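Coordinate analysis (summary)
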2 protein chains.
Amino acid sequence: MKTVVWQSLSEEQQNAVLERPAISDGANITSIVSDVLNQVKQDGDTAIKELTAKFDRATPDSIRVSEQEIDQAAARLSDEMKQALEQAHKNISVFHKAQKAQPLSVETQPGVVCELVTRSINKVGLYIPGGSAPLPSTVLMLGVPAQIAGCRKVVLCSPPPIADEILYVAKLCNIDEVYNVGGAQAVAAMAYGTETVSKVDKIFGPGNAFVTEAKRQVSNDFRGAAIDMPAGPSEVLVIADETADADFVAADLLSQAEHGPDSQVVLLTPSPMIADQVAEAVQQQLKSLSRSDIAKKALGSSLIVITESLTQCVSISNFYGPEHLIVQTKNPRELLPLLDNAGSIFLGKWSPESVGDYASGTNHVLPTYGYTRTYSSLGLADFSKRMTVQELSKEGLKGLAQTVVTMAEAEGLDAHKRAVTIRIDSICNEQLNQQ
Amino acid sequence: MKTVVWQSLSEEQQNAVLERPAISDGANITSIVSDVLNQVKQDGDTAIKELTAKFDRATPDSIRVSEQEIDQAAARLSDEMKQALEQAHKNISVFHKAQKAQPLSVETQPGVVCELVTRSINKVGLYIPGGSAPLPSTVLMLGVPAQIAGCRKVVLCSPPPIADEILYVAKLCNIDEVYNVGGAQAVAAMAYGTETVSKVDKIFGPGNAFVTEAKRQVSNDFRGAAIDMPAGPSEVLVIADETADADFVAADLLSQAEHGPDSQVVLLTPSPMIADQVAEAVQQQLKSLSRSDIAKKALGSSLIVITESLTQCVSISNFYGPEHLIVQTKNPRELLPLLDNAGSIFLGKWSPESVGDYASGTNHVLPTYGYTRTYSSLGLADFSKRMTVQELSKEGLKGLAQTVVTMAEAEGLDAHKRAVTIRIDSICNEQLNQQ
């Protein structure tokens, strides 16, 4: 890990060391994905089978995973694994249930009632990547809020063969349909529908460059589907002071570094001693990691920044906007009101990132790549939408009429004005008739 | 307006009559906008001045509108106009203040505390279109939530000359910077910044095809800016029963039709009598509208659908997903729980769309073009983002450790596991030392 002293850098150098590596434009990926989307739109299930054979080298018996297969998967899992997944499911459920929006009703002026009501998104699609190890935690992070929001149809796609852990969590989350489809073809199937796969309104979940590009393309097509958020490499930033445990900090940095060679890992500390100790502990712990090759690559572009103060650590973190932000200082909660632009914040030495990745209850689907400035941690709100309602009484309309008429006149919109005056005239006539 | 009887149509025909016209792909627009973005990125203020002279045929003295000009604008407005704008500002403020998220803190299991905290988006840009008439109402709809969310910098761009009403509302909303820039160049300036115009994190507001395309392009660039929502033509759908006032319904349909030739206007009613009366009233009222040419064009593609029942009206509306949904029935509130996929709902005969467009308190920036299935009415949430926080006590971590370790093992992530076990080992050692 490279160590820099913040104050010794020019402003330009400061910006440069924090700059995230560009994600390659990949014109090649764009056209490959566009072809896959067109193939699935045209040939539906046939295309899915061909693409699954080609890209995943798999020929599952059927596109849809049967109830029976899901039950069999559960039977093969250890009790320990089932308990762990259930505990995580419970905690994530508790935190996401607490996010339920209360209906809102306000009388903005006499007789004018405005309301905000929430409805679940009807049909959602969850994408779970394949790869060397299964990701049941991601099924929980997407499946639990979909379940609590009350989405009417929840579809899951993952490249075959789908791991038992994933199928078990799919059952825990009451997911309606599970499909043996991965990659861009899974995104296409959920965005446009096929003979077998249900079309959904919104697609969630992480994936490789092809999946990310497919999500981008379908979200730019109004006949496609909305998506959760833009994706980038995973990141952690740790703020540590001299009271931090260097071994704990090193373990946290490595648990980010092992995610992938493009993972971003940053330590900010006002303590040169901690900077040294952490750098050494990282090297020490790295030796015994099974994914040390991946972690080493990520550490190659990682950074330790020695700052003047904790306040400066906070400013740098807010500027960088990390996905995960770990605060290991004497009084971490004191810093919280100052912290901004982060996906999820971990306070204190007993709160490693991995608890949030799996089971504390927070969601591990978080904005990356600086999108923390504008995007939120995934939550119940992303599986719902808010509609406004207004209801005016006759008196309410009378009280608001002049304002609306004046503004409609200013905007040159006659019919907008008349929609009010025609009603006011009718009220006046009614009153005259009553006299 | 074309009238159809729903039951007499095949399913295919039903889908076809409700299909929205495709928005032209406009490869031409794509490249023009891309050129404008590049020009502004490269040449900053110089590019803005050139493009403003070219597209808006205007050469304002300075890009930024001065405080003095804003004060002079206020002095030129009538008291009536100022009162109307202030009343609208007040109502919109009341409704958006009520949307403030309460901080959330939950102990998901003993010693594991999860929180949801909200922060305003730091810097936001508001785009206000120019055109034949000023749109102060849009300044209110964007400026009020930015103000209430507490965004630190609020920037407004609008093509010169900027109307007095717009400048007055900008002042009411405490907008920090107002610029004489319109079109794609305004979006570029706010997304990338220039010598004069501040770069923002997120851009809001409606615009023509060039503005919409510019927003799309900058939102696909991670060095650009996020945007509010995808845009499409404005729409209204009215559900009316035999108790509705045909003149009121006609006035509401026309107030949508006058927005633009591509406006979508739909009436659903189980009453053939109301269908006839409304069609006639529309023709009658059309005659005296100043924008009758525009409204006529919109009515050309508009639709009256005669249904079997109010329940069928609700299903069709939910399928179509209108931006504005007006319910003029005997008991409109009874239908509310069944209504889904709408931007804003207007209940009862005294609630014309124009009250929501201007001053009831709800936001008039709404999802269109079927995006109501997944997008929300613009609100305070769009000017904020949610971060999660977790803090575990030593006991909390001990209670959760096994779950995290088991899941990390299943996912093959050693370092994730070790970030927990290294802490648990330290707790054990501490306890041994104390004995």
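Cut-offs and rules
Residues numbered from 1 in each chain as written. Chains lettered and ligands numbered in written order. Predicted model: local features only at pLDDT ≥ 70, side-chain atom pairs only at ≥ 80, totals over all residues. Heavy atoms only, no water. UniProt positions renumbered as here; feature names shortened; annotations may be inferred. Contact = heavy atoms within 4.5 Å. Buried area = accessible area lost by both parts, 1.4 Å probe. Salt bridge = Lys/Arg side-chain N within 4 Å of Asp/Glu carboxyl O. Polar contact = N/O pair within 3.5 Å; in protein donor to acceptor, adjacent residues only side chain to side chain. Nonpolar A, V, L, I, M, F, W, Y, C, P; charged D, E, K, R; others polar. Pairing = 2+ DSSP bridges. Helix = DSSP H or I, 4+ residues; strand = E, 2+ residues; numbered from the N terminus. Buried < 20%, exposed > 50% of the residue type's maximum accessible area, 1.4 Å probe, protein only. Arc of directions from axis to C-beta. Domains from an automatic or database assignment. Axes fitted to C-alpha atoms, helices over the stretch in contact; angles between N-to-C directions.

An unreviewed UniProt entry annotates chain A as Histidinol dehydrogenase originating from Vibrio algivorus. As recorded by UniProt, the Catalytic activity (unreviewed entry) comment attached to chain A reads in full: "L-histidinol + 2 NAD(+) + H2O = L-histidine + 2 NADH + 3 H(+)".

1. Remarks on the interface of chain B and chain A
Each partner contributes to the interface: chain B provides 126 residues, whereas chain A provides 125 residues. Counting the surface lost from both chain B and chain A, the interface buries some 11100 Å², and carbon and sulfur atoms represent 57% of this. Summed over the three residues of chain B that lose the most area to chain A, namely Trp350, Tyr358 and Arg423 of chain B, the buried surface amounts to 8% of that side. The interface formed by chain B and chain A contains 16 salt bridges. The shortest N-O distance in the salt bridge between Arg423 of chain A and Asp252 of chain B comes to 2.8 Å. In this structure, the connection of chain B to chain A is made through 78 residue pairs in polar contact (both at pLDDT 80 or more). Counted by class, the side of chain B that touches chain A contains 58 nonpolar, 38 polar and 30 charged residues. Where strand S13 (residues 344-347) of chain A and strand S14 (residues 384-392) of chain B come together, 4 bridges link them in parallel fashion.

2. What to know about helix H11 (residues 292-300) of chain A
All names here are of chain A. Those residues of H11 that fall on the buried side of the exposure criterion are Ser292, Ala295, Ala298 and Leu299. The buried residues of H11 occupy an angular sector of 120 degrees when the element is viewed end-on, so they sit on one face. Exposed residues pointing more than 90 degrees away from the buried face of H11 are listed as Asp293, Lys296, Lys297 and Gly300. Buried positions along H11 lie against helix H9 (246-257) and helix H10 (272-286).

3. Considering the domain arrangement of chain A
Interface extent is often summarised as the accessible area lost during association of the parts. Residue and element names in this part refer to chain A. Domains assigned within chain A are domain 1 (2-21 + 232-361), domain 2 (27-102 + 124-231) and domain 3 (393-434). Placing the centre of domain 1 and that of domain 2 at their C-alpha centroids yields a distance of 31 Å. Contacts between domain 1 and domain 2 engage 8 residues on the former and 10 residues on the latter. Together, the buried faces of domain 1 and domain 2 total about 600 Å²; carbon and sulfur atoms form 51% of this surface. Counting the surface domain 1 buries against domain 2, the share from its top three residues, Gly232, Tyr358 and Gly361, is 64%. On inspection of domain 1 and its partner domain 2, the count reaches 0 salt bridges. When grouped by side-chain class, the residues that make up the side of domain 1 that touches domain 2 number 2 nonpolar, 4 polar and 2 charged.

4. Quick word on the pairing of strand S3 (residues 112-120) of chain B
Residues and elements named next belong to chain B. Within S3, 7 of the 9 residues are buried, which leaves it mostly tucked inside the rest of the structure. As paired elements, strand S2 (residues 104-109) and S3 share 5 bridges and run antiparallel to each other. By the bridge assignment for S3, Ser105 is matched with Glu115. The antiparallel pairing of S2 with S3 creates a hairpin that spans 2 residues between the two strands, and Gly111 there sits at a positive phi of about 80 degrees. Alignment of S3 against S14, held across 9 bridges, turns out to be antiparallel.

5. Topic: the sheet that holds strand S14 (residues 384-392) of chain A
Taken in spatial order, the 9 strands line up as S2(A)-S3(A)-S14(A)-S13(B)-S12(B)-S9(B)-S10(B)-S11(B)-S1(B) in an open sheet, and their pairing is mixed. Across the chains shown, the open sheet's two edge strands, defined by having one partner strand only, are strand S2 (104-109) of chain A together with strand S1 (2-5) of chain B. Across the sheet, the mean angle from the axis of one strand to that of its neighbour is 20 degrees, orientation sign disregarded. Seen against the sheet, helix H12 (residues 310-320) of chain B touches strand S9 (235-240), strand S10 (264-269), strand S11 (303-306) and strand S12 (324-328) of chain B and runs at an angle of roughly 170 degrees to S9 of chain B.

6. Focus on the environment of Phe222 of chain A
Looking at the element boundaries, Phe222 of chain A is found in the loop between helix H8 (209-219) and strand S8 (226-227). Phe222 of chain A sits in the partly exposed class, given a relative accessible area of 23%. Not counting residues up to four positions away in its chain, the partners in contact with Phe222 of chain A are Tyr369 and Tyr371 of chain B.

7. A word on the UniProt feature "binding site: Zn(2+)" (unreviewed entry) in chain A
Mapped onto the present numbering, the UniProt feature "binding site: Zn(2+)" (unreviewed entry) falls at Gln256, His259, Asp357 and His416 of chain A. Their sequence span is 161 residues, while the largest C-alpha to C-alpha distance among them is 56.0 Å; these annotated residues do not converge on one region. Examined against the element boundaries, Gln256 of chain A turns out to sit in helix H9. When near neighbours in sequence (up to four residues on either side) are disregarded, Gln256 of chain A contacts Ser234, Glu235, Val236, Ser263, Gln264, Val265, His324 and Glu353 of chain A. Examined against the element boundaries, His416 of chain A turns out to sit in helix H16 (residues 414-434). A residue is classified by how much of its surface remains accessible, and His416 of chain A, at 1% relative accessible area, is buried. Non-local contacts of His416 of chain A, meaning those with residues more than four positions away in its chain, are made with Ala408 of chain A together with Ser255, Glu258, His259, Ser354, Asp357 and Tyr358 of chain B.

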